[in-house]
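Architecture and fold: a report
Listed here are the chains, written in short residue letters.
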Amino acid sequence: LASYEAALGLFRDVGSRLGEANVRQGLGWLNIEQGETERGNEHLREALNLYEKIGDRVGQANIHWRLGSRYAQDGAFKEAEPLVAQAVELGNQIAPDHPTILDWSHTLAQIRERLAAD
């Protein structure tokens, strides 16, 4: 955690928004894994905002995917669907035939099937 915090300061000092976004994303997931969900979500929102400002669709897609897949694993398909859909949309803009994006698309279809069945 201390290393992430130090890296965050360094990236801010040199003005690297991509570096800051990547560190914030790492901090966000680490906080969530440690049970600090609110703090983790705050870091993820800030990372997503930075990725959007610099046009990093990969960073955006990864955050949407991981958040959505966490909801899906918890059975919260209504919350998962828009996040996974956004990840798939961004992924299709980057590399539509990439195996990861195809897997995400398959997962999205499964989520939508579950929602339709409810």
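Refer to the structure printed above.
Note that the structure is a prediction, hence the values are computed from the model and not measured.

Regarding the packing of helix H5 (residues 77-94) against helix H6 (residues 99-117)
One can describe the packing of H5 onto H6 by two numbers: an axis separation of 9 Å at closest approach and a directional angle of 150°. When the interaxial angle is binned, H5 and H6 end up roughly antiparallel. Classified by chirality, the crossing of H6 by H5 is left-handed. Listed contacts from H6 to Phe 77, Lys 78, Ala 80, Glu 81, Val 84, Ala 85, Ala 87, Val 88, Gly 91 and Asn 92 of H5 are Ile 101, Trp 104, Ser 105, Leu 108, Ile 111, Arg 112, Arg 114 and Leu 115. When the residues that make up the contact of H5 with H6 are grouped by side-chain class, the tally is eleven nonpolar, three polar and four charged.

Observations concerning helix H2 (residues 17-33)
A rise of 1.5 Å per residue sets the reference length of H2, with its 17 residues, at 24 Å; its end C-alpha atoms lie 24 Å apart and thus fit the reference within 8%. Of all the 17 residues making up H2, twelve are buried; the element is thus mostly covered by neighbouring parts of the structure. What H2 keeps buried is the set Gly 19, Glu 20, Ala 21, Val 23, Arg 24, Gln 25, Gly 26, Leu 27, Gly 28, Trp 29, Asn 31 and Ile 32. Each element contacted by the buried residues of H2 is listed here: helix H1 (2-14), helix H3 (37-54) and helix H4 (57-73). At the C-terminal side of H2, Gly 35 shows a positive phi close to 90°.

Calculation criteria
- Residues numbered from 1 in each chain as written.
- Predicted model: local features only at pLDDT ≥ 70, side-chain atom pairs only at ≥ 80, totals over all residues.
- Heavy atoms only, no water.
- Axes fitted to C-alpha atoms, helices over the stretch in contact; angles between N-to-C directions.
- Helix = DSSP H or I, 4+ residues; strand = E, 2+ residues; numbered from the N terminus.
- Parallel < 35°, antiparallel > 145°, perpendicular 65-115°, else oblique.
- Left-handed = near helix turned anticlockwise from the far one by under 90°.
- Contact = heavy atoms within 4.5 Å.
- Nonpolar A, V, L, I, M, F, W, Y, C, P; charged D, E, K, R; others polar.
- Expected span 1.5 Å × (residues − 1).
- Buried < 20%, exposed > 50% of the residue type's maximum accessible area, 1.4 Å probe, protein only.

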